[in-house]
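Observations on chain architecture
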Amino acid sequence: MYTLGWHGHAIFRVGLLAGCTTLVLALTTATAQARPGHHPPRDAARQTLPAKDGWASAGSGTTGGAAAEAARVFTVTDWDGFRAALAVEGTAPRIIKVKGTVDAVAEGCDAFAAPGYDFDAYLEKYSPENWGTETDLSAEPDDSPEGLRRASAARQDLAVKVEVPSNTTIIGVGRDAGLKGASLQIKGVDNVIVRNLTFESPVDCFPQWDPTDGDKGNWNSEYDSAVVYGSTHVWLDHNTFTDGDHPDSAAPTYFGMLYQQHDGQLDVVRGADLVTASWNVFTEHDKTILIGNSDSESTAAGDRGHLKVTFHHNLFKNLVERAPRVRFGQVDVYNNHFVAGEDYAYSFGVGKESQLVAEHNAFTLPDGVSAAKVLKRWNDAPLTAAHNRVNGRTADLIAVHNAEIPEETLRSGAGWTPTLRTKVLPAWAVPFAVDHGAGAGRLR
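Residues numbered from 1 in each chain as written. Predicted model: local features only at pLDDT ≥ 70, side-chain atom pairs only at ≥ 80, totals over all residues. Heavy atoms only, no water.

1. Some thoughts on the sheet that holds strand β4 (residues 73–76)
Threshold: Paired strands, in this sense, are two strands between which DSSP finds at least two bridges. Each helix is a run of H or I in the DSSP string that is no shorter than four residues. Each strand is a run of E no shorter than two, and both are numbered from the N terminus. Fitted lines through C-alpha atoms give the axes, limited to the stretch in contact for helices. The angle between two N-to-C directions lies from 0 to 180 degrees. Any pair of residues with heavy atoms lying within 4.5 Å of one another is described as a contacting pair.
The strand order β4-β5-β8-β11-β16-β21-β24-β27-β30-β33 describes an open sheet built from 10 strands, whose pairing is parallel. Two strands lie at the open edges of the sheet, namely β4 and β33 (383–386), each paired on one side alone. If you compare each strand with its neighbour and ignore which way they point, the axes differ by 10° on average. Where β4 lies against strand β5 (residues 94–98), 4 bridges are found, and the strand directions are parallel. Within β5, the position partnered with V73 by the bridge is I95. Contacting β4, β5 and β8 (168–172), helix α1 (residues 79–87) crosses the sheet at an angle of about 170° to β5.

2. Overview of the sheet that holds strand β22 (residues 281–287)
In space, the 10 strands of this open sheet follow the order β6-β9-β12-β17-β22-β25-β28-β31-β34-β35, with mixed pairing throughout. Each having just a single partner strand, β6 (101–103) and β35 (393–395) make up the two edges of the open sheet. Neighbour to neighbour, the strand axes of the sheet diverge by 25° on average, direction disregarded. In terms of strand pairing, strand β9 (residues 178–180) meets strand β12 (residues 198–200) through 3 bridges, oriented parallel. By the bridge assignment for β12, K180 is matched with E200.

3. Thoughts on helix α4 (residues 145–160)
Our working rule: Helix span is expected to be 1.5 Å times the residue number reduced by one. Think of it in three bands: with a 1.4 Å probe and only protein chains considered, a residue is buried below 20% of the maximum accessible area for its type, exposed above 50%, and partly exposed in between.
An ideal rise of 1.5 Å per residue puts 22 Å on 16 residues; α4 measures up with 23 Å between its terminal C-alpha atoms. Buried within α4 we find P145, E146, G147, L148, R149, S152, A153, Q156, A159 and V160. Those residues of α4 that are buried are in contact with α1, α2 (119–126), β7 (161–163), β10 (183–187) and β13 (208–210).

4. Here we look at the state of the cysteines
This is how it is decided: Put simply, a disulfide is two cysteine sulfurs that come within 2.5 Å.
One pass over the structure, following the stated rule, counts 1 disulfide. The disulfide partner of C109 is C205, and the gap between their sulfur atoms is 2.0 Å. Judged by the sign of its S-S torsion, about -75°, the bond between C109 and C205 is left-handed. Of this pair, C109 sits in the loop between β6 and α2 while C205 sits in the loop between β12 and β13, placing them 96 residues apart in sequence. Looking at C109, the relative accessible area reads 31%, which means it is partly exposed. Since its relative accessible area comes to 9%, C205 is described here as buried.

This is the structure in structure tokens:
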């Protein structure tokens, strides 16, 4: 008999009985940071990222607000209180404990509408029949329907975005803590921890119609649940990211296109670096996670050599795409469970100069969906994809992709080997471990 243990969650025991292999799965009670010789504090808000736990453990590591003095520990129950706790001056360590659901848009979209804004007038003026598809709306004056939409969008932007200072821990209390309609901006800072929160994706009340986007035009929206922008040492752990009460499936169509009111769930962009996302659930979303936001040279200069991100023990369920899509970064994706739904497009987007390593992951795909769809080539960039399983069987994701989609041939070999990992489970053990341990409300 041998035992596979890992940080803070289940322990698997494999025994041989009567000549056949019996799998005994036992979920043990363990603290979130239990490891030999280490005794974490009882208060989860003062826990720090363990050594070797992904890219965020590199260098000085990630401690967030663990050392906060009593006067810089805040418990909040509403949006005003949350904003006030973030706005307290200084970068000395702070802890923000969130109780219950904090709603950034409790008053609804009408509260943000600029005087005179009328959605019906917007649809009338910019319909393809009236406006065409050759000219965008950027030159529209302030008193036009587009100008009033811009003004309304600016009001929502000010209301739902909040900036997170350095040396901060934000943590949900109990099993039902969350942020609804909010956009965390982790921008130009260092040393941030976000744990045990359910993020209901922000709903853009005022998406913009772009007649020139694609062959038919498109609706474009703003607001990610969390944005790591030019920041370092960020740990996102045991959170749930979901569209909640506003799934895309319930959205209407205008001008023949989905009225898209969601952007991403998590973006890591603009030279951000040293990020670990562990034991999270990402579910019910389209364009989920973006690492590096542009192929352009203006952003590439700041992204090259950065965008180092680790994803481990996350559940990616009923997503369409970008789990994640990667540009430039050295991204390590191991021990995650991907459960595809009927609208599945792909999981890993291989983008410009990316160096993705995807190992020891499990994929559960519906009948008729080929393993070739797991990978999507956006640019020619090498990747490593080894020891993965699809529907219970070992699969060479690159070989399957290249055989079925030869026009998008992928090259094997990312050119680097991850060393900052916790205990790595075999891919067959991943679904049980992740499905029972990931997400908000399961922090131990």
